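Architecture and fold: a report
Next come the chains, spelled out residue by residue.
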Amino acid sequence: MGITFKSGRQNNIIGMDMIYPDGHPRTVLMAELPMDGDWRADVDFYDEVEQAYKKRLRRALNR
């Protein structure tokens with residue numbers, strides 16, 4: 001596929017960028033998470049969203 005994903009975080013805001021093969025980034029997610037200090041839950045949330053997005057993207061590209 002050639003598309004990769006990159007995460008970013010600032011305080012309790014996380015983001016996910018999709019990086020096209022030519023290097024062009026596109027923001028696909030910005031989420032505000034609870035300020036509870038539970039970084040494991042934040043990582044789990046990000047991982048789940050990333051997997052769901054990849055699955056949906058594969059489905060769209062295979063049509």
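Scroll up for the structure.
An account of the accompanying structure is given in this report.

Moving on: the nonpolar core. Formed by Ile3, Phe5, Ile14, Met16, Met18, Leu29, Ala31, Leu33, Tyr46 and Leu57, the largest nonpolar core amounts to 10 residues. For this core, the secondary structure elements donating two or more residues are β2 (13-19), β3 (25-32) and α1 (39-61). When residues of this core are assigned to their parent elements, the largest contribution, 3 residues, is made by β2. Sequence-distant contacts of methionine 16, that is, excluding residues within four places in its chain, are made with Phe5, Lys6, Arg26, Thr27, Val28, Leu29, Tyr46, Val49, Glu50 and Tyr53.

Helix length check: α1, at 23 residues, gives a terminal C-alpha distance of 33 Å against a target of 33 Å (1.5 Å per residue), a fit within 8%. Taken together, the buried positions of α1 are Asp42, Tyr46, Glu50 and Leu57. Taken together, the buried residues of α1 touch β1 (4-10) and β2.

Parameters and conventions
Residues numbered from 1 in each chain as written. Predicted model: local features only at pLDDT ≥ 70, side-chain atom pairs only at ≥ 80, totals over all residues. Heavy atoms only, no water. Core = buried A, V, L, I, M, F, W, Y, C linked by side-chain atoms within 4.5 Å. Buried < 20%, exposed > 50% of the residue type's maximum accessible area, 1.4 Å probe, protein only. Helix = DSSP H or I, 4+ residues; strand = E, 2+ residues; numbered from the N terminus. Contact = heavy atoms within 4.5 Å. Expected span 1.5 Å × (residues − 1).

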